[in-house]
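A closer look at the structure
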Amino acid sequence: MWILRNLLFILCIALSCVSGAVPVIHVSGYEGRDVNVSCPYGEGYESHEKYLCRNDCGNGDVLIMTTQANKNKYSISDDKSKRVLTTTISDLSSVDAGKYWCGVTRSGLDYYPAEVRLDVVPDSCCDQFTEVHSHEEGSVSILCPYDSKYQKNLKYICRGRQPSICLQQAVVTSNRKLNGKFTLTGDEESGKFTVNITSLTQKDSGWFLCGVERNNGLDVFSAVKLEVKVSPQTTSTAISIITTEPVTSQSTYISTNPVEDAAHFSILVYILPAVLVGLLLILTFFLARVCKDKCNKVHGVRVIMSINRSNEEIIVDNIIYNMEEDADMGSIRPQSVLHHDDNPGEDQQTVYQNFTKPEDVWHNHTDTSCDS
């Protein structure tokens, strides 16, 4: 039964191909993605059961029927109002490429409204690409050529190298020509469109795809590799202002004449420390001189002690010493603390104090001197 049916099917298809009555539908899809296979059919078959089959549509070639809705990686739907049978094939791989048939069951021989040829391509683009270079904070223009027959078609650009999702992730299109730092301009006469990117950063480096939408089949792409380099460093001479006062922040003066300013800076570096050191030495010498004079002119009370061996007494005369050096004698001249009254006849009063030990004299001795 099936053998006879297959023979009749092959004969019918052969006759149809000769007469050109059966259309051929070309469909392409990306690996790992889905693809829709749509077949229109004639009037009067809306209520008939339909299916999708491969190769010669033998007994094991039927993949899914409208009575099943879903089977393995296939799903099917029938739009009876438009008379279009649509089958979706998921998770495409290279083994899915080949020839398919859309079939309609009927008495006698089935009706095959269309032949389908499916191509499966890698979801990556492209073997050939254009390299573009620029610097940070700069701008770049990416030229995207296309065939003149696509002048009216939608143009766009996206990041990456995955064509299957490029249009959904487009950063700018011919319908939306400005998006942040991306601007698209078209030139239909030259057969290319231009995408300008401003305020470049290192993150902008990478792959871009220029895409042109097609009404049937896969979109057309060209690949561009953008490299954004680090901006060249500009050198300038900077001089820091040095002061002897405390500062809370450091200020920098940008030189407009590096040679002249460097000479002035050298003078400040070598002369200013020398002046400061000279002033410090003069101040130190002056302070030492003042301290020495002060110590040499201190007035104090000295105790001159004499011991009377016979009476075991210690006689102490209070005498004020002037610590000035005698220019002639090189010795210290004492001045008596005793005051002479106007009456010379009176005896001068002498202060006596008994001490049992010579050490007591020194314990009771008052000395005013320069401690430092």
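Note that the structure is a prediction, hence the values are computed from the model and not measured.

Another point: the overall build of the protein. In terms of helices and strands, the protein carries three helices and 23 strands. Scored against the burial criterion, the 372 residues of the protein give a buried share of 27%. Accessible surface computed for the protein: about 24,900 Å², of which carbon and sulfur atoms make up 53%.

This part takes up a nonpolar patch on the surface. A cluster of nonpolar side chains, contributed by Ile-271, Leu-272, Val-275, Leu-276, Leu-279 and Ile-282, occupies part of the molecular surface with about 540 Å² of accessible area. Structurally, Leu-276 can be placed in helix α2 (residues 258–296).

Attention shifts here to the sheet that holds strand β17 (residues 206–212). Read from one edge of the open sheet, five strands run β10-β18-β17-β12-β13, paired in mixed fashion. Bordering the open sheet on either side are β10 (129–135) and β13 (172–173), each of which pairs with just one other strand. Relative to strand β18 (residues 220–229), β10 runs parallel, the two sharing seven bridges. By the bridge assignment for β18, Ser-134 is matched with Val-228.

This brings us to the state of the cysteines. The final tally for this structure, using the stated rule, is five disulfides. Sulfur-sulfur distance for the disulfide between Cys-125 and Cys-126 comes to 1.3 Å. When the cysteines of the protein that form disulfides are numbered from the N-terminus onward, they connect as 1-4, 2-3, 5-6, 7-10, 8-9.

With that out of the way, let us pick up the packing of aromatic side chains. Each aromatic ring pair is summarised here by two numbers: the centre-to-centre distance and the angle between the ring planes. Summed over the entire model, instances satisfying the criterion amount to six aromatic pairs. For the pair Tyr-146 and Phe-193, a centre-to-centre distance of 6.3 Å together with 35° between the ring planes defines the contact as tilted. A residue pair is termed long-range when its members are at least 10 positions apart, and Tyr-146 in the loop between β11 (140–145) and β12 (155–159) and Phe-193 in strand β16 (residues 192–197) qualify at 47 residues. A residue is classified by how much of its surface remains accessible, and Phe-193, at 2% relative accessible area, is buried. Ring pairing ties together the aromatic residues Tyr-51, Trp-101 and Tyr-112, which thus form one cluster. For the cation-ring pair, Lys-155 lies above Tyr-146, with the distance from its terminal atom to the ring centre recorded as 4.5 Å. One residue, Arg-161, lies across the ring of Trp-207, its end atom 3.9 Å from the ring centre.

Now for the pairing of β16. As paired strands, β11 and β16 are joined by six bridges and run antiparallel to one another. In the sheet register, Pro-145 faces β16, and the bridge partner there is Lys-192. Bridging between strand β15 (residues 182–187) and β16 involves six bridges; their strand directions are antiparallel. Across the sheet, the residue bridging to Thr-185 is Thr-194, located in β16. Taken together, β15 and the strand that follows it, β16, pair antiparallel across an intervening segment of four residues, in which Gly-191 is found at a positive phi of about 70°.

Tallied over the entire structure, the rule returns six salt bridges. Among the ionic pairs, Asp-204 bridges to Arg-159, the shortest N-O distance being 3.3 Å. Residue Asp-204 is located in the loop between β16 and β17, and its partner Arg-159 is located in strand β12; the two are separated by 45 residues in the primary sequence. A residue is classified by how much of its surface remains accessible, and Asp-204, at 3% relative accessible area, is buried. Taken together, the shared-partner salt bridges in this structure form one network comprising Arg-159, Lys-181 and Asp-204.

Our next topic: the confidence of the model for the protein. The share of residues in the protein with pLDDT of 70 or more is 62%, and the mean pLDDT across the chain is 74. In the model of the protein, strand β19 (residues 238–240) stands out as the element of lowest mean pLDDT, 40, in contrast to β12, which has the highest, 97. Between residues 11–20, whose pLDDT stays under 50, and residues either more than four places distant or in other chains, the model counts five contacts. Within the model, pLDDT remains below 50 along residues 298–372, and this stretch shows 90 contacts once partners closer than five positions in the same chain are excluded.

Each value, and the rule that gives it
Residues numbered from 1 in each chain as written. Predicted model: local features only at pLDDT ≥ 70, side-chain atom pairs only at ≥ 80, totals over all residues. Heavy atoms only, no water. Helix = DSSP H or I, 4+ residues; strand = E, 2+ residues; numbered from the N terminus. Buried < 20%, exposed > 50% of the residue type's maximum accessible area, 1.4 Å probe, protein only. Areas by Shrake-Rupley, 256 points an atom, 1.4 Å probe, with all protein chains shown as cover. Patch = residues over 30% accessible without salt bridge, like charges linked within 9 Å, V, L, I, M, F, W, Y side chains within 5 Å. Salt bridge = Lys/Arg side-chain N within 4 Å of Asp/Glu carboxyl O. Pairing = 2+ DSSP bridges. Disulfide = S-S within 2.5 Å. Phe/Tyr/Trp six-rings, centres within 6.5 Å; stacked < 30°, edge-to-face > 60°. Lys NZ or Arg CZ within 6 Å of the ring centre and 35° of its normal. pLDDT = per-residue confidence, 0-100. Contact = heavy atoms within 4.5 Å.

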